[in-house]
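# Topology and contacts: notes
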Amino acid sequence: MYNFKGRFGFIIVQRGRNIPILSVLKAKHGLLSRNSKNYSQFAKHPKLLQGSRIIHVHRRGFGMFVARFLKGALKLRYLVLGGAVGGGMTLQNKYQAWKDSLPDLSWLDTYLPSTKTVDSFRESMISLTERVKDIEIDPKLMSVGETKWRDMQEWLNKRIDEAYEAAKQSEIERYQKLFLESLENIIEGASNQTQVKALSFGKESAQTQASTENTTNNKRIDALQQELMDVQLRYQREIERLERDNKELKKQILLNKHSRSKTKQIKKSLIDMYSEVLDELSDYDSSYSVQDQLPRVVVVGDQSSGKTSVLEMIAQARIFPRGAGEMMTRAPVKVTLSEGPYHVAQFKDSDREFDLSKEEDLAKLRLEVELRMKRSLGRGKSVSNEVISMTVKGPGLQRMVLVDLPGIISTVTREMAEDTKEAIRRMTQIHMSNPNAIILCVQDGSVDAERSNVTDLVASIDPSGKRTIFVLTKVDMAEESLADPQRINKILSGKLFPMKALGYFAVVTGRGRKEDAINDIKLYEENFFRTSKLFRESMLSSTQLTTRNLSMAVSECFWKMVRETVEQQADAFKATRFNLETEWKNTFPRLRELDRDELFEKARSEILDEVINLSQVSVKEWDSLLLDKLWQKVSHHVLENIYLPAAQTCNSRSFNTTVDIRLKEWAESQLADKSIEAGSEALKTEFSHFIDKSMANKESDKLFDNLKRAVLEEALKRHSWEEKGNEVLRMLQVTALEDRCVNDKHQWDSAVKFLEKSLKERLELVQKQLTEMFGPGAWEKWVYWKSTTSDQKQRNLVKSELEKLLYSDFNHGPTLNPDEMTTIRKNIQRSSKTDISNDFIRDTWAPIYRHHFLNARLGKAYDCRKAFYLYHQGLEELECNDVVLFWRMEQMLKVTANALRQQVMNREARRLDKIIKEVLEDYSQDQEKKISLLTGRRVTLAEELKRVRQIQDKLEEFIQALNKEK
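All figures in this text were calculated on a predicted structure; none of them were measured in a lab.

Analysis parameters
Residues numbered from 1 in each chain as written. Predicted model: local features only at pLDDT ≥ 70, side-chain atom pairs only at ≥ 80, totals over all residues. Heavy atoms only, no water. Helix = DSSP H or I, 4+ residues; strand = E, 2+ residues; numbered from the N terminus. Buried < 20%, exposed > 50% of the residue type's maximum accessible area, 1.4 Å probe, protein only. Contact = heavy atoms within 4.5 Å. Areas by Shrake-Rupley, 256 points an atom, 1.4 Å probe, with all protein chains shown as cover. pLDDT = per-residue confidence, 0-100. Disulfide = S-S within 2.5 Å. Expected span 1.5 Å × (residues − 1). Arc of directions from axis to C-beta. Core = buried A, V, L, I, M, F, W, Y, C linked by side-chain atoms within 4.5 Å. Axes fitted to C-alpha atoms, helices over the stretch in contact; angles between N-to-C directions. Parallel < 35°, antiparallel > 145°, perpendicular 65-115°, else oblique. Left-handed = near helix turned anticlockwise from the far one by under 90°. Nonpolar A, V, L, I, M, F, W, Y, C, P; charged D, E, K, R; others polar. Patch = residues over 30% accessible without salt bridge, like charges linked within 9 Å, V, L, I, M, F, W, Y side chains within 5 Å. Salt bridge = Lys/Arg side-chain N within 4 Å of Asp/Glu carboxyl O. Pairing = 2+ DSSP bridges. Bend = angle between axes of the 7 residues up to and from the residue. Phe/Tyr/Trp six-rings, centres within 6.5 Å; stacked < 30°, edge-to-face > 60°. Lys NZ or Arg CZ within 6 Å of the ring centre and 35° of its normal.

With that settled, consider the overall build of the protein. Each helix and strand counted, the protein has 31 helices and 11 strands in total. For the protein, the proportion of its 966 residues judged to be buried stands at 40%. The contacts in the protein between residues at least 6 apart in sequence include a share of 76% that link residues at least 24 apart. On the protein, roughly 57100 Å² of surface is accessible, and the fraction owed to carbon and sulfur atoms is 52%.

Before going further, it helps to examine the confidence of the model for the protein. Of the residues in the protein, 69% have a pLDDT of 70 or more, and the chain-wide mean is 75. Per-element confidence in the protein is highest for helix 23 (residues 745-774), whose mean pLDDT is 91, and lowest for strand 1 (residues 2-6), whose mean pLDDT is 40. Low pLDDT (under 50) marks residues 189-207, which in the prediction has 9 contacts with non-local residues, meaning those over four places away or in another chain.

Tracing the backbone shows Arg-938 in helix 31 (residues 937-965). What makes Arg-938 buried here is its relative accessible area of 13%. Filtering out sequence-adjacent residues up to four positions away, Arg-938 remains in contact with Trp-584, Phe-588, Leu-591, Leu-599, Asp-701 and Leu-703.

Turning our attention to the state of the cysteines. Evaluation of the coordinates by the stated rule reveals 1 disulfide. Through a disulfide, Cys-864 is tied to Cys-880; the S-S separation comes to 2.0 Å. Across the disulfide from Cys-864 to Cys-880, rotation about the S-S bond amounts to roughly -100 degrees, and the bridge is consequently left-handed. Taken as a pair, Cys-864 in the loop between helix 27 (838-863) and helix 28 (868-872) and Cys-880 in the loop between helix 28 and helix 29 (881-925) lie far apart in primary sequence, 16 residues in all.

What follows is about helix 15 (residues 518-531). Counted at 1.5 Å a residue, the expected span for helix 15 with its 14 residues is 20 Å, and the 20 Å between its end C-alpha atoms agrees. Those residues of helix 15 lying buried are Ile-518, Ile-521, Glu-525, Glu-526, Phe-528 and Phe-529. Summarising the axial view, the buried residues of helix 15 lie within an arc of 160 degrees, below the 170-degree limit, and thus occupy one face. Away from its buried face by more than 90 degrees, helix 15 exposes Asn-519 and Thr-531.

Most often, soluble globular proteins keep nonpolar side chains buried together rather than apart. Within the largest apolar cluster, 105 residues are counted, with the highest numbers of intra-cluster contacts made by Tyr-643, Trp-666, Trp-748, Met-889 and Ile-916. The contacts of Trp-666, once residues within four sequence positions are left out, are Val-634, His-637, Val-638, Ile-642, Leu-671, Met-889 and Met-892. Core analysis: the next-biggest nonpolar cluster, separate from the first, contains 66 residues, Val-310, Leu-397, Phe-558 and Ile-959 among them.

As a further point, take the packing of helix 23 against helix 27. Across the interface, helix 23 lies against helix 27 with an axial gap of 9 Å and an inter-helix angle of 155 degrees. When the interaxial angle is binned, helix 23 and helix 27 end up roughly antiparallel. As for how helix 23 packs across helix 27, the hand of that crossing is left-handed. Split by residue class, the contact of helix 23 with helix 27 holds 14 nonpolar, 5 polar and 6 charged.

What follows concerns a nonpolar patch on the surface. A surface patch of nonpolar side chains, amounting to about 590 Å² of accessible area, comprises Trp-779, Trp-782, Val-783 and Tyr-784. Topologically, Tyr-784 is positioned in helix 24 (residues 778-784). Residue class for Tyr-784 comes out exposed when judged on its relative accessible area of 53%.

Right, let's talk about the sheet that holds strand 3 (residues 297-301) for a bit. One open sheet holds the 9 strands; their spatial order is 6-5-7-4-8-3-9-10-11, and the pairing between them is mixed. The strands lining the two open edges of the sheet, one partner per strand, are strand 6 (354-355) and strand 11 (503-506). As paired strands, strand 3 and strand 8 (residues 400-404) are joined by 3 bridges and run parallel to one another. Within the sheet, the bridge partner assigned to Val-297 lies in strand 8 and is Leu-402. Contacting strand 3, strand 9 (438-444) and strand 10 (468-473), helix 12 (residues 454-461) crosses the sheet at an angle of about 160 degrees to strand 9.

Turning to helix 29, a few remarks are in order. Over its 45 residues, helix 29 runs 61 Å from end to end, which matches the ideal 66 Å to within 8%, given 1.5 Å per residue. Along helix 29, the sharpest kink reaches roughly 50 degrees, centred on Val-904.

Overall, the coordinates contain 14 aromatic pairs when judged by the stated rule. Of the aromatic side chains, those joined through ring pairs into one cluster are Trp-631, Tyr-643, Phe-655, Phe-754 and Phe-886. Over the aromatic face of Trp-559 sits the side chain of Arg-399, whose NZ or CZ is 4.3 Å from the ring centroid.

Moving on, we get to the pattern of salt bridges. Inspection of every chain in the model, using the stated rule, returns 40 salt bridges. For Glu-601, the salt bridge identified is with Arg-604, shortest N-O distance 3.1 Å. With Glu-601 and Arg-604 both in helix 18 (residues 596-613), this residue pair falls 3 residues apart, about one helical turn. Residues Lys-804 and Glu-801 are paired through a salt bridge, measuring 3.8 Å at the closest nitrogen-oxygen approach. With Lys-804 and Glu-801 both in helix 25 (residues 790-808) and 3 residues apart, the pair spans about one turn of that helix. Judged by relative accessible area, Lys-804 falls into the exposed class, the value being 53%.

So this is what it looks like as structure tokens:
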């Protein structure tokens, strides 16, 4: 037995030789190479493969595989372990090197708390959180701190302002007291000295000395008064300088939104809110009826008294147009003065701002004011009640609302309307009749007081003077021109005019030069009051002088009146609102309150819906409508200018020639235009039908009927057909008219019916003409008791003769020859002894022949009903050219109608929709148009309700802001 041990097992063979089993198998099958190391064994023992027998094979391949895998895994373990140990040592060395390179931070331990301290603080905060997490805080208390801080800030600002005012007042009083004491000491010392000298030197010499001393003392008194005036003026200039600096500071504060600007912002918003309320009232009732009793400053005065200049000085800008002796203020101008960082002006209905620091913008503003005044004037009127509203903002402006009215005139010139004088007085009385309006009465000081018109008018409105402030202007001119300058003192003390006032002020508003700036006028005013002897010697207080003091006094009086009356006015509007709402509920209980603008938008939607309905019209309906409109447009020309002239030739060849020539001329010149007119009328008819149908609907709002009709008429007036459609139609029509071949029996029958229908319609017209010409027949005479006129009797005589002529010659031509005319005239003269003119016979012949000829052609049309097959065979003796002509006309009408329908549905309906939208947009911007088209108590009541609610809401908002300011 041989024992062979191989890679995949072992075999037992004879003689105990070990040979791999794989080599055995390869050798047995001839696959073992001679170079193999086992080949020699097989060569020494050839019987190994031939006679040997494999006894047993132990398969241990799986076990060897596992052993080899474990051996490789153990090798990998050593590699991973060695790498990890080496890498860890390397990383530790790198970290130690990086740590050694860091700077020494041990000095931070001195300033930072220890870990133990931090842990203790953290534990205490956690315990505190646990204790307070269940506590509920009142939300109202959350804003207590903020409210207290705001109140404290407002209180501090108020105390600073009061301290500033108190310091200013105390300084004035100190100077006045100081100089009065000095003056009294001087006077007293002078008096004592005079008495001593009188005792020493005798009575006579003492009197002389006393007189001398009194003269000297009077000079000293004058000098002291002059010095006092100079001190006051210097102090006044110092105050103005501080105010200018304060204005600059305020400007910076308003721009930077500093914490102290909160009060000023509230004031600014207050005056703007109040001005908006007045604007709403002006729109609600331009006549300022009893319902509007909110305060405003009404500036009144005679023409050229300087009231506009006073207002410009208060606004610190020359914002109004000026003229030399002519009336410039032609409408009320409401000016709202408010505080702001920049000196600008703006109209209520515009976003444009005018920079009042630039002369170019000032000129544009004056021009805009003048243009608005002229636009507000009605036809043939010189003044207007329409209020022009503007806002003027700037640093240091006093908050108030002023209304500048046209000046009162004494005489109406030729350039004015006849009622100008009464219109101005009536306007002034209406504005002043407001019991809460402050009247700023401006009187020209350079004219005689007896020439004043405004003072009597003011006295009649406010006899007690509780809301009147009197302003005397042009006092510089008055001091020079008046013979008795003391009259000025009488005026300013209220002793000259019969009227009474809260206060009297003297101002200088310029030197009468347009180019003077506001600052120049201020300097001139200051210099005048400093050097004026009249005002230096008068008992007037310095607070009664200059426009600056006037502005402050008017503003203070204005806000006092506002605070006293605004809540009463709010209550009045609440009552008005309640009454209007009650009326609406009782009158229109099931309707929603829609004002005029909302109603217009609703009507707009309904009208546009009807335009959309045009797209829902069927093709059949459009074709039928367009065919009717087309035939109405062209039927007269076809019958009178083409068919009848050709048919009256009584020759088929000349008939066709005449028809072809005239059809071509007509198609190339007029037919396309007529067709477009027909298409336009069809479109208008269909749209009008939808509008009328919507108005006839019971569910439609009848309030919109006038608006719908106006929009329809205006849109149709603006609509015109596209020009490029003419050429397309012309080509289609020429092509259709050139076709002379009737293809089938159906087309022939349709043409015959069309011909018969046209001839019958024409016969009806001719019959009406004959009835009017010859009068009633025998039946009408007996039944309706009608009779003929002498002219109709003569025409009946001519008719009988003409009928005989036609009976004898059935194919008579359209004209009468001279022999026939003579025969007819002689026959009538013989039978009735009446002379008839040739013109009379011709006039009678025309409708008779027309009736005879149309009946003859209608008879031929009847004969042609069954002649299609003869026509199709081309028989020349068949006279049915009329049918062919009307077939050509019918085909042309169908082609044209189809083209027009496509243009309507594809282009013209959309263009009409666009035009209607443009009309509606124009009407929406035209308030007068909406007022004229949307009328009725339902509209006016809704408008009043909307306006009253807006006014009430703005009043309540203003009152809340006013209470916060308090």
